[in-house]
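Each chain, written out:
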Amino acid sequence: MKLIHCLLLLLCVGLSFCKTLSLIQQDLLDEKCLKEKYTHQSCEKVFCQPWERCVEGSCICKLPYQCPKAVMSVCSTTGKTYNNYCQLKSHECLSQKTKFLTNGTCHSQGQFDLSLKFGDTESEGLVEVQLGNTTAFICKKNWSITEANVACLYRGFKGGAVDYKKTFNFPDDVDVKITDCLEANCRGLETTLAECGLTKRKANSKDLAGVVCHAQETDLLNDGSFPCVNGKYIPLEQTCDGINDCGDQSDELCCKGCRSGGFHCKSGVCIPKEYQCNGEMDCIKGDDEVNCEGLGHSEVQDSEVQGTRNFEHAGQEQAEILSANMDEDRKLLKSLLPQISCGVRNNTHVTHVRRKRIVGGQIATEGDFPWQVTIKEGEKIHCGGVYIGGCWILTAAHCVRKNVAHRYLVWTGVLDWIRFNPGIAVQRVNRVIIHENYSGSTYQNDIALIELQKHPNKATCELAPTTPACVSWSQYLFNPGDKCFVSGLGRNKGPRNLFRLRWGEVKLIGNCSKYYSNRFFEKEMICAGTDDGSIDACKGDSGGPLVCMNSNNVSYVWGIVSWGENCGNPEFPGVYTKVSNYFDWISFHVGRRLISQYNV
Ligand code: 4AZ
């Protein structure tokens, strides 16, 4: 088999039919990831829209009251004025009965329609829109697969467009004089061209946009085409280029790298290069908005598009804006959504100091790991834990027992067990929730929640100055090779506890089954350590946090210290419970609002 491969490759040189083969060689697509059938609705991979929230990995419609209250009126196709774009889109998302019509309050004669003219079938033709009392064709200028997909989806073609370059001529018996056309400018994922903004331009009949929509399943399976999740096939060369050719983004979500037009998010998603450093986080890890000095694709600031009738001066041409592009409103509304505060230390010390040598590691100072807690049972320092907000501590299942909750005390702010430091507080435990599938023999699902007792006469637990660590909603937030921090009051190889909070920098390790052949369960566990084993979690650190920082220095609890073969042995890295796998389990118990930063 290998030999045939080599021969083919040799044959390839200089031959154009081998283009496809060489693209496969490049291996941009991640096959394992493709099996998950991710789309623009998969919040393991992308952020949901401001009118959606992430539930069990999928973006679902928000209720309108969960949108910001800001008044930036928009008018819908049902003639109703909504307070803002988010509220209208939430109604559309829930009922499919309404769509965006114009910016501002509704006027009486509001209407929108889109039809395809002069094609051989219903699924193709020149794109004609009717907006209010204007009827016009769409311009070829700026017409791309992005706009074409929006037009086809509007017409009910779920796969969007297959061709946006085809030309269509006016039949001989039709005598129309084209003097202008409407230019559309979509981001993609709009449901009507009205949302993209429509600007009237001077034109003649050669300047008009045509489209072929995806009408039925095509069988292009064998010739190097890519199967989109929505059933459409696209050329392999159009995957991983930052452009949403499929219409459901499935061609951009499982990429090991990107072609020239794309920016490669560390989560394996390709986004358009222009989205890099545009002031909006598009990659879930935030890596498109770092190191932006001098790279700013910053947005046009003065888009004062209000109402439905505006004029723009583009060079000599005076163009009339018939409908406003809603992208600025979308971004503004996104910034108005409630944020939770987690994962931010008031101390930048840890990010700057390089590692020295938990096992190895170094002594923590105040504010380094504000989410670190210590669980005591009687006089014994029992385990570590992680504060995740409200009254909730995350720890390992093997650390706690359900029926002795009253015996535990949770200490926060402890740096030194011998010398009392300011900021220490002690809380009683209300209840312990152990994962229902925890196995004491395999350490699978080694995760538990501790609910602290509320203060008497108060509804809160008031753990300040303790800061919660964020909980990851996606398994793609961090990758093997990323540097993370483990912290705890556990042992330093020797037989005794050290009584001081220590921390160390460790690397996430992929393919950990090679160290623990039958004992490592990839979906539920992660490994972390250093090449020489010098830094590791050890006895007493169990239940404590492995936190990783995203590109904006926000800390996520990515692992819970669970087990390992001894401590500090490079052949046996530390094993942690993979917290992202338990996001839904945690949300179910503590409430989604407490832990979801972007998808509430
Ligand atoms: C323990 O016994 C333990 N080196 C925790 C972590 C590791 C080993 C043992 C990882 O609690």
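Residues numbered from 1 in each chain as written. Predicted model: local features only at pLDDT ≥ 70, side-chain atom pairs only at ≥ 80, totals over all residues. Heavy atoms only, no water.

## Focus on the overall build of the chain
Quick reminder of the rule: Only DSSP runs of H or I reaching four residues or more are called helices, and only runs of E reaching two or more are called strands; each is numbered from the N terminus. Here, Shrake-Rupley sampling with a 1.4 Å probe gives the accessible areas, and only protein chains in the shown set may cover a residue.
Across its full length, the chain holds 10 helices and 32 strands. Carbon and sulfur atoms form 51% of the exposed surface of the chain, whose accessible area is close to 28,300 Å².

## Describing empty space enclosed by the protein
Gaps between atoms show up when a probe of the same size as a water molecule is rolled over them. Rule in force here: In this analysis, the protein atoms alone were mapped onto a 1 Å grid. Cavities are point sets where a 1.4 Å probe fits without being able to get out; pockets are open sets with protein on both sides within 12 Å along at least five of seven lines; lining residues have an atom within 4 Å of a point. Grid points are joined across faces, edges and corners, and a volume is the space filled by probe spheres set on the points.
The volume enclosed by the largest cavity comes to roughly 100 Å³. Considering the residues around the largest cavity, the lining is formed by 13 residues, among which Tyr85, Arg187, Gly188, Glu190 and Arg330 are closest to the centre. For the lining of the largest cavity, the secondary structure elements donating two or more residues are α4 (85-95) and α7 (327-335).

## Quick look at the packing of aromatic side chains
For clarity, the cut-off: Two rings from Phe, Tyr or Trp (for Trp, the six-membered ring) form a pair when their centres are within 6.5 Å of each other. A pair whose planes differ by under 30 degrees is stacked, one over 60 is edge-to-face, and the rest are tilted. Categorising residues by exposure relies on relative accessible area from a 1.4 Å probe, with only protein chains included: less than 20% of the type maximum marks a residue as buried, more than 50% marks it as exposed, and the intermediate range marks it as partly exposed.
One pass over the structure, following the stated rule, counts 19 aromatic pairs. On the basis of an interplanar angle of 90° and a centroid distance of 6.4 Å, the ring pair of Phe369 and Trp371 is categorised as edge-to-face. You'll find Phe369 and Trp371 in the same group, each marked buried. Arranged with centres 5.1 Å apart and planes meeting at 75°, the rings of Phe478 and Trp558 form a pair that is edge-to-face. Residue Phe478 is found in the loop between β26 (470-471) and β27 (483-488), and its partner Trp558 is found in strand β31 (residues 555-563); the two are separated by 80 residues along the sequence.

## Section: a nonpolar patch on the surface
So the rule is basically this: Only residues above 30% relative accessible area that lack a salt bridge enter a patch, with like-charged residues linked at up to 9 Å and the nonpolar side chains Val, Leu, Ile, Met, Phe, Trp and Tyr linked at up to 5 Å. The salt bridge definition used is simple: a Lys or Arg side-chain nitrogen within 4 Å of an Asp or Glu carboxyl oxygen.
Among the surface-exposed residues, Leu63, Tyr65 and Leu94 lie close enough to one another that they form a single nonpolar patch of about 310 Å² accessible area. Checked against the element boundaries, Tyr65 lands in the loop between β2 (58-61) and β3 (74-76).

## A closer look at the site of the ligand
Convention followed: If a single non-hydrogen atom of a residue is within 4 Å of a molecule or strand, that residue counts as near it. Whenever a nitrogen or oxygen atom comes within 3.5 Å of another N or O atom, the pair is scored as a polar contact, on the condition that within protein one atom can donate a hydrogen and the other can accept it, and that pairs from neighbouring residues in sequence are kept only if both atoms are in side chains. Basically, the charged four are Asp, Glu, Lys and Arg, the nonpolar ten are Ala, Val, Leu, Ile, Met, Phe, Trp, Tyr, Cys and Pro, and anything else, Gly included, counts as polar.
Around the ligand, the neighbouring residues are Asp536, Ala537, Cys538, Lys539, Ser542, Val561, Trp563, Gly564, Asn566, Cys567 and Gly574. At 2.8 Å from a nitrogen atom of the ligand is found a side-chain nitrogen or oxygen belonging to Asp536. Relative to its unbound accessible surface of 300 Å², the ligand loses 86% to contact with the protein. Split by residue class, the shell around the ligand holds 5 nonpolar, 4 polar and 2 charged.

## Regarding the environment of Val554
Note the following rule: Contacts are assigned to residue pairs with any non-hydrogen atoms lying within 4.5 Å of each other.
As for its placement among the helices and strands, Val554 is situated in the loop between β30 (545-549) and β31. A sequence separation of 85 residues divides Val554 from Ala469, and the C-alpha atoms of the two residues are 8.5 Å apart. The residues touching Val554, leaving out its near neighbours within four places in the chain, are Cys342, Gly343, Cys470, Cys548 and Met549.

## Brief notes about α4
An α-helical segment advances 3.6 residues per turn. Residues three or four places apart therefore align on the same side. Most of α4 sits out of view: 8 of its 11 residues are buried. Listing the buried residues of α4 in full gives Tyr85, Cys86, Gln87, Leu88, Lys89, Ser90, Glu92 and Cys93. On the buried face of α4, the contacting elements are β2, β3, β4 (81-82), β5 (100-103), α6 (193-196) and α7. Sitting at the head of α4, Asn84 places a side-chain oxygen 3.1 Å from the backbone nitrogen of Cys86. Looking at the residues trailing α4, positive phi occurs at Gln96, about 60°.

## What to know about the pattern of salt bridges
The full count for this structure, using the stated rule, is 23 salt bridges. A salt bridge links Arg407 to Glu377; the nearest nitrogen and oxygen atoms lie 3.1 Å apart. Placement of Arg407 in the loop between β22 (392-395) and β23 (408-412) and of Glu377 in strand β20 (residues 372-377) is noted, with a sequence separation of 30 residues between them. Residue Arg431 pairs with Glu451 through a salt bridge whose shortest N-O separation is 2.8 Å. Within this pair, whereas Arg431 is found in strand β24 (residues 425-434), its partner Glu451 is found in strand β25 (residues 448-452), the two being separated by 20 residues in sequence.

Treat this as a map of the structure, not an account of what it does.
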